[in-house]
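Each chain is listed here by its residues.
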Amino acid sequence: MAERQDGEEPRQPRNMQGLLNFCTELTAREDPTTNTPIRELNPERRAFLEEALSSLTVNVAKRLAASVKALCSEAVTMPEEDVSEQENAIEVIEGYVDDLNHAIDFQKLGGFPILLRCLDSPHSSLRIGAAGLIGDVCQNNLPCQENMVYIDAVPVLLHMIDTDDDKQGRVKALYALSCLIRDCPQGEEEFIKSDGFSCLMRAMQSGEEKLVVKSSFLLNSLMREAVDYKAILLSMGYVEQLIAILGNEHSTNIIREHCTAALLALASSYNPAIAECRRPELCLIPILTARLEEVKDKEEMLEEETYIKELLVLMKNENDEDEATNR
C-alpha cells in the first residue's frame, strides 16, 4: 500500500482500532516537539482514550436489530402509510453493511427475507432502497450471495427488472442482481435456470442508459467466467442486439464502450460469434471503422478505441483464414 504524502489527511477511521490510530496520528501532527509522523501513546493515555471512545461507540448490532424491526412493520405493504421510519432504517443499515462482519450480522438478524419483502412494497423508495442494500451486502461476499440465492432472491430481482414502474427501481434491481450472481456459481446457475439472459436482453432493448450499461457489464462479466453460456447467447441474438446498439446514433459514449466490450468478449472467446459479426447485413465493420475515427486519440475514449481495434483485428484475421482455406 502506498504511503501517504506529507500534508495528506489521515485515513478516516472505520472501527475502534482505526479510530485509535486516527487520534494518535492527529496527536502527533499537533506535537511540534516530535520529528516522527506518529507518536506512540503511553499506556495510561491509551487506556483513557479507549475508555472514552468506548463510551461513545454505537452498538451496531442493536441499531441493525432496531432497523430490521422497523422494516417488519405492516406500513411496508400499505400504500397510504408513511414509511419515513422504514426509509431511515434502510439508511442506517446502508451505513454499516459495507463491512463484511456487519453484513453477516444483518443476515443473522433475519434481514435478508425482510429485504425481499421490501422489494414487493408499493412504496418505490423502499423497493429502491432494499435493492440497493442487496447489492451492497452481496458484493464480493460469497456467504451472503449464497444465502440470498437460497431464499430465491434471483427470480424476484429478475421480475423487478422487468416490471417495476420506477426506472430507478429497475436500475437498482439490476445492480443487485449483478452483485448477487457475479463470482457466485450458485447465483449464476439460478440466473440461467430463471431465464436471466432473456431479462438482460430486454434491459438492453429498453433504451435506458443505465439499464443498457449495467446489463452489458454483467453480460461481459459472465462471458469471462464460463464457456457454456456462449452458444445460448448466440442463439438468442445477442450479437445482433449489441451491433444494433452500436449502430444507433442515439447511443451514448458509455453505452458504446460497454457494448463494444461485451461484443469483444463474446467474439474473442467463441469462434461462431466472429462469423456472426461478419454477416454483411449487420454492417459491423463500417460501424466500427466510422466510430474509430470519432474516438481516435481522445484520452477519455481510450478503452473504447482499444476494444474497437481488437474487434477489427479479430474480424480481419478471420477473413484471412477463410481466404487461405479457399485457395
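So, how was this worked out
- Residues numbered from 1 in each chain as written.
- Predicted model: local features only at pLDDT ≥ 70, side-chain atom pairs only at ≥ 80, totals over all residues.
- Heavy atoms only, no water.
- Helix = DSSP H or I, 4+ residues; strand = E, 2+ residues; numbered from the N terminus.
- Buried < 20%, exposed > 50% of the residue type's maximum accessible area, 1.4 Å probe, protein only.
- Contact = heavy atoms within 4.5 Å.
- Areas by Shrake-Rupley, 256 points an atom, 1.4 Å probe, with all protein chains shown as cover.
- Polar contact = N/O pair within 3.5 Å; in protein donor to acceptor, adjacent residues only side chain to side chain.
- Axes fitted to C-alpha atoms, helices over the stretch in contact; angles between N-to-C directions.
- Parallel < 35°, antiparallel > 145°, perpendicular 65-115°, else oblique.
- Left-handed = near helix turned anticlockwise from the far one by under 90°.
- Nonpolar A, V, L, I, M, F, W, Y, C, P; charged D, E, K, R; others polar.
- Expected span 1.5 Å × (residues − 1).
- Arc of directions from axis to C-beta.
- Phe/Tyr/Trp six-rings, centres within 6.5 Å; stacked < 30°, edge-to-face > 60°.
- Lys NZ or Arg CZ within 6 Å of the ring centre and 35° of its normal.
- pLDDT = per-residue confidence, 0-100.
- Patch = residues over 30% accessible without salt bridge, like charges linked within 9 Å, V, L, I, M, F, W, Y side chains within 5 Å.
- Salt bridge = Lys/Arg side-chain N within 4 Å of Asp/Glu carboxyl O.
- Lys, Arg positive; Asp, Glu negative; His and termini not counted.
- Charge placed at Lys NZ, Arg CZ, Asp CG, Glu CD.

The name given to the protein in an unreviewed UniProt entry is Hsp70-binding protein 1, and the organism recorded there is Petrolisthes manimaculis.

(A) How the structure looks around the overall build of the protein. When you go through the protein residue by residue, the secondary structure sums to 19 helices and zero strands. Counting over 327 residues, the protein shows a buried share of 43%. Look at the contacts in the protein between residues 6 or more apart in sequence, and 65% of them connect residues 24 or more apart. In the structure as shown, the protein presents an accessible area of about 17,900 Å², 50% of it carried by carbon and sulfur atoms.

(B) View of the environment of Glu305. Looking at where Glu305 falls in the secondary structure, it is placed in helix H19 (residues 302–326). In this structure, the C-alpha to C-alpha distance between Glu305 and Leu288, residues 17 residues apart in sequence, is 9.5 Å. Sequence-distant contacts of Glu305, defined by excluding residues within four places in its chain, comprise Leu292, Val295, Lys296 and Asp297. Here Lys309 takes part through its side chain, which lies 2.9 Å from a polar atom of the side chain of Glu305.

(C) Geometry of the packing of helix H5 (residues 100–108) against helix H8 (residues 142–150). Packing of H5 against H8 brings their axes to within 10 Å, and their N-to-C directions diverge by 25 degrees. Here H5 is positioned roughly parallel relative to H8, judged by the angle of their axes. Of the two possible hands of crossing, H5 and H8 adopt the one that is left-handed. Together, Ala103, Ile104 and Gln107 of H5 and Pro143, Cys144 and Asn147 of H8 make up the contact between the two elements. Taken together, the residues of the contact of H5 with H8 sort by class into four nonpolar, two polar and no charged.

(D) Region of interest: helix H18 (residues 284–295). Between the first and last C-alpha of H18 there are 16 Å, a value that for twelve residues agrees with the 16 Å anticipated at 1.5 Å per step. Listed as buried for H18 are Leu284, Leu288, Arg291, Leu292 and Val295. The arc that holds every buried residue of H18, seen down its axis, measures 110 degrees, which confines them to one face. For H18, the exposed residues lying more than 90 degrees away from the buried face are Pro286 and Glu293. Count one or two residues on from H18 and you reach Asp297, which has phi positive near 65 degrees.

(E) Structural detail: helix H6 (residues 111–119). Among the nine residues in H6, seven count as buried, and that is most of the element. Buried residues of H6: Gly111, Phe112, Ile114, Leu115, Leu116, Cys118 and Leu119, and no others. Contact partners of the buried residues in H6: helix H3 (60–71), H5, helix H7 (124–138), H8 and helix H9 (153–163).

(F) Seen up close, the packing of aromatic side chains. Tallied over the entire structure, the rule returns four aromatic pairs. A centroid spacing of 5.1 Å and a plane angle of 85 degrees characterise the contact between Phe191 and Phe197, whose relative ring orientation is edge-to-face. Aromatic rings pair up to connect Phe191, Phe197, Tyr229 and Tyr238 into one cluster. Its guanidinium or amino end placed over the ring of Tyr175, Lys172 lies 5.4 Å from that ring's centre, counting from NZ or CZ.

(G) Main features of the side chain of Glu304. Mapped onto the secondary structure, Glu304 falls in helix H19. Classification of Glu304 by relative accessible area gives buried; the value is 2%.

(H) Seen up close, unusual backbone geometry. In this model, Asp152 sits at a positive phi of 70 degrees, which is unusual for a non-glycine residue. Along the polypeptide, Asp152 turns up in the loop between H8 and H9. Overall, Asp152 belongs to the partly exposed group, its relative accessible area being 44%. The backbone of Asp297 sits at a positive phi, close to 65 degrees, despite the residue not being glycine.

(I) Looking closely at the confidence of the model for the protein. Of the residues in the protein, 81% reach a pLDDT of 70 or more, and the chain-wide mean stands at 86. In the predicted structure, residues 1–7 sits below a pLDDT of 50 and forms six contacts with residues beyond four places in sequence or in another chain. Here residues 323–327 scores under 50 on pLDDT; set against residues more than four positions off or in separate chains, the count is zero contacts.

(J) Main features of a negative patch on the surface. Together, Glu80, Glu81, Asp82, Glu85, Glu87, Glu91 and Glu94 give the surface a local cluster of negative charge. Secondary-structure assignment places Asp82 in the loop between H3 and helix H4 (84–94). By relative accessible area, which is 58% here, Asp82 ends up exposed.

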